[in-house]
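Reading the structure
Here is how the chains run, residue by residue.
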Amino acid sequence: MKRDVMNEQDDLDGREVDLAVLIRNICCHPQMYTGSSDPVIVAAFIEGFAYCREESDVEIRQFNRWLANRLDFPRNWAWWSGLKEKYPKAEDALKALPALFEEFRGLP
């Protein structure tokens with residue numbers, strides 16, 4: 001089941017937050033989470049979250065490889081570098097990121 005937003009219960013009942021939900025929320029309200037609308041700062045937050053959870057860390061690395069192919073940028077670039085190259089305007093990059101991540105996961 002696809003959830004659209006996190007809620008207070010996500011923090012209170014011990015369930016882990018899904019990476020796609022986190023990305024959607026951060027991209028909708030980047031300044032609330034990071035204090036910035038810069039995609040690099042948002043990416044650092046996402047990477048930090050993913051690094052703390054092994055399954056998310058693996059998934060973000062797989063996303064990096066997938067996105068390099070999808071956006072046609074060198075595989076040795078970080079995913080956020082390719083995203084910025086394809087979408088130079090921050091708001092466009094933040095709008096595209098959740099849709100790209102869901103495409104990577106095969107979500108509708």
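Residues numbered from 1 in each chain as written. Predicted model: local features only at pLDDT ≥ 70, side-chain atom pairs only at ≥ 80, totals over all residues. Heavy atoms only, no water.

1. Points about the pattern of salt bridges
- Across all of its chains, the model carries eight salt bridges by this definition.
- A salt bridge links Glu47 to Arg61, with the shortest nitrogen-to-oxygen separation between them at 2.9 Å. Of this pair, Glu47 sits in helix α4 (residues 39-52) while Arg61 sits in helix α5 (residues 54-71); the two residues are 14 residues apart in sequence, bridging distant segments of the chain.
- We note a salt bridge from Asp57 to Arg61, for which the minimum N-O separation is 3.0 Å. Here Asp57 and its partner Arg61 are both found in helix α5, four residues apart, which amounts to about one turn of the helix.
- Connected through shared salt-bridge partners, Asp18, Glu59 and Arg105 make up one network. (Salt bridge = Lys/Arg side-chain N within 4 Å of Asp/Glu carboxyl O. Helix = DSSP H or I, 4+ residues; strand = E, 2+ residues; numbered from the N terminus.)

2. Observations regarding the packing of aromatic side chains
- Counted by the stated rule, this structure contains eight aromatic pairs.
- Aromatic side chains Tyr33 and Phe45 sit 6.0 Å apart centroid to centroid with 70 degrees between the ring planes, which places their arrangement in the edge-to-face category. With a gap of twelve residues between them, Tyr33 in helix α3 (residues 30-34) and Phe45 in helix α4 connect regions that are remote in the sequence.
- The exposure class of Tyr33 is partly exposed, given its relative accessible area of 24%.
- With relative accessibility at 32%, the residue Phe45 sits in the partly exposed group.
- On the basis of an interplanar angle of 65 degrees and a centroid distance of 5.5 Å, the ring pair of Phe63 and Phe104 is categorised as edge-to-face. Of the two residues, Phe63 is situated in helix α5 and Phe104 in helix α7 (residues 90-105); the sequence distance between them amounts to 41 residues. With respect to burial, Phe63 and Phe104 carry one shared label: buried.
- A connected cluster of aromatic rings, assembled from ring pairs, spans Phe63, Trp66, Trp79, Phe101 and Phe104. (Phe/Tyr/Trp six-rings, centres within 6.5 Å; stacked < 30°, edge-to-face > 60°. Buried < 20%, exposed > 50% of the residue type's maximum accessible area, 1.4 Å probe, protein only.)

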